[in-house]
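# Coordinate analysis (summary)
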Amino acid sequence: MKVIDHLNAAKSTLFSFEILPPLKGKSIQSIYDGIDPLMEFKPKYINVTYHREEYIFKERANGLLEKIAIRKRPGTVGICAAIMNKYHVDAVPHLICGGFSKDETENALIDLQFLGIDNVLALRGDSIKTESAFRPHPEGHAYAVDLIKQVINMNQGNYMTEDYQLEPTNFCIGTAGYPEKHFEAMNMSTDLHYLKQKVEAGAEYIVTQMFFDNKKFFDFVNACKEYGINVPIIPGIKPIKTLAHTTVLPKLFHIDFPEALSKELLKCKSNDEVKRVGIEWGIEQSKELKAMNVPGIHYYTMSNSDEVKAIASEVF
Ligand code: FAD
C-alpha cells in the first residue's frame, strides 16, 4: 500500500521510522533486531536508507595510487523485500541520484516493482567524502526533482528502454524538506521554490530533516502553505544519544539546537546522561507535534531502537 494512502486513511498521527542497512558482513537478523522492539507501535511503513560507495586510495607495488570504490553497506532492495515479507508492513527504500545512471535507476525501480514495493523516497544524496560538492553521475540526475520525474515517467509507462513493452509502475513518491533550509540553498525562499517543483513533479508527501526546535517545523509548514505546497509534511525526529552527537549533528545536518536543549546537554558528563536528555527532549517534541495533529512522526533510529522505543512508549 502507498504511504499517501496510509496517511489519508489514518485517524491520528502515524508512527514510522527508518533503519540503516547494516555494515557488510552482518546478517539480516541485525535488521530484525532493530525493528522487532518497535513493532508494538504499529508502523504502517518502514524506511530503509541508501548509502553511497566511498573511495579509498591504495598504494600499488609500483608506488602509484589506485582509486578503489568500497561499499560498506548492502543495497536496499533485498532488505525492503525481507521487511515486507517478515512484518507485512510497507517498506520505503530511499532512492538517490548520486552514483546512479538513469538506466541503473530504471533497473532498480523495475526490481522494486517486481517485488511489490509501492513506495520510494526520492533524494539527491550528498557528495561522497572525497568530493567537496555533489557531482551527479555523468548519465544520471543532478537534482531530486529529475529523479522524481523519471519515476513519474515510469508510472505513466514511459521507460528509458524502448526495446520491450513494460507495464506502467505505480510508485508513491516521497521527498525531503528542510525546516532549517538545505545547506546549499541561497535562502529559505529558493529552497521552498525547489521543494514546490518536487511536489509539482509528483512527490506526494514530504519528510523533513531532523530538527530539535518544533517552532522551526511549524514555521516551515506555514511557509510551505504560503508557497502553495499542500502535501502532508511529516516531521523527522532523532533522539540525541552521545556526547559526540552534540557537535556532530549540527555540523553534519546543518541544524541548530535550541537554547533550552543545549543548556541541558552542557550539563551532561557521559553518554548515559545525554541519552536521558535526548529521550526526554524527544518525548516533549513528539507530544507537542502529535497534539498539533501532524500526519505522522518519522524517527531516525540509525538502527538502534532503544531510544525511539523509550519515546514512542510515552507518545503512541
Ligand atoms: P534536492 O531536492 O535535489 O536539493 C538539493 C539542493 O539543490 C537544495 O539546496 C535545493 O534548494 C537545490 N535545488 C533543488 N532543485 C534544484 C534545481 N532544479 N536547480 C537548482 N537548485 C536546486 N541521503 C542519502 O545519501 N541516503 C539517504 O537514504 C538519505 N535519506 C534522507 C532522508 C530524509 C528524510 C532527508 C531529509 C535527507 C536524506 N538524505 C539521504 C540526505 C539528502 O540526500 C541530502 O540532504 C542532499 O544534500 C539533498 O537531497 P534532496 O533530495 O533534498 O536534494
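Below or above, wherever it landed, is the structure these notes cover. (Residues numbered from 1 in each chain as written. Predicted model: local features only at pLDDT ≥ 70, side-chain atom pairs only at ≥ 80, totals over all residues. Heavy atoms only, no water.)

Note on placement: Leu64 falls in the loop between strand 3 (54-59) and strand 4 (65-70). Sequence separation of Leu64 and Gln156 is 92 residues, and the distance between their C-alpha atoms is 49 Å. Discounting chain neighbours no more than four positions away, the residues touching Leu64 are Lys58 and Glu59. (Helix = DSSP H or I, 4+ residues; strand = E, 2+ residues; numbered from the N terminus. Contact = heavy atoms within 4.5 Å.)

Attention now moves to the packing of aromatic side chains. Tallied over the full model, the rule gives 10 aromatic pairs. Cluster of aromatic residues (ring-pair linked, three or more members): Phe15, Phe17, Phe41, Tyr299 and Phe316. For the cation-ring pair, Lys86 lies above Tyr32, with the distance from its terminal atom to the ring centre recorded as 4.8 Å. One residue, Lys86, lies across the ring of Tyr87, its end atom 5.4 Å from the ring centre. (Phe/Tyr/Trp six-rings, centres within 6.5 Å; stacked < 30°, edge-to-face > 60°. Lys NZ or Arg CZ within 6 Å of the ring centre and 35° of its normal.)

Attention now moves to the side chain of Asn119. As for its position among the elements, Asn119 is in strand 6 (residues 119-123). A polar atom in the side chain of Asn119 sits 3.0 Å from the backbone oxygen of Met1. Looking at Asn119, its side chain comes within polar contact range of the main-chain nitrogen of Val3, at 2.8 Å. Residue contacts for Asn119: discarding those within four places in its chain leaves Met1, Lys2, Val3, Asp90, Ala91, Val92, Pro93, Phe171 and Cys172. (Polar contact = N/O pair within 3.5 Å; in protein donor to acceptor, adjacent residues only side chain to side chain.)

By size, the foremost hydrophobic cluster in this structure holds 60 residues, and its most contacted members are Ile19 and Ile83. Not counting residues within four places of it along the chain, the set of residues in contact with Ile83 comprises Ile19, Ile31, Ile35, Ile46, Val48, His88, Val89 and Ala91. Listed in part, the 16 residues of the second largest apolar core include Tyr45, Phe100, Leu123 and Cys172. (Core = buried A, V, L, I, M, F, W, Y, C linked by side-chain atoms within 4.5 Å. Buried < 20%, exposed > 50% of the residue type's maximum accessible area, 1.4 Å probe, protein only.)

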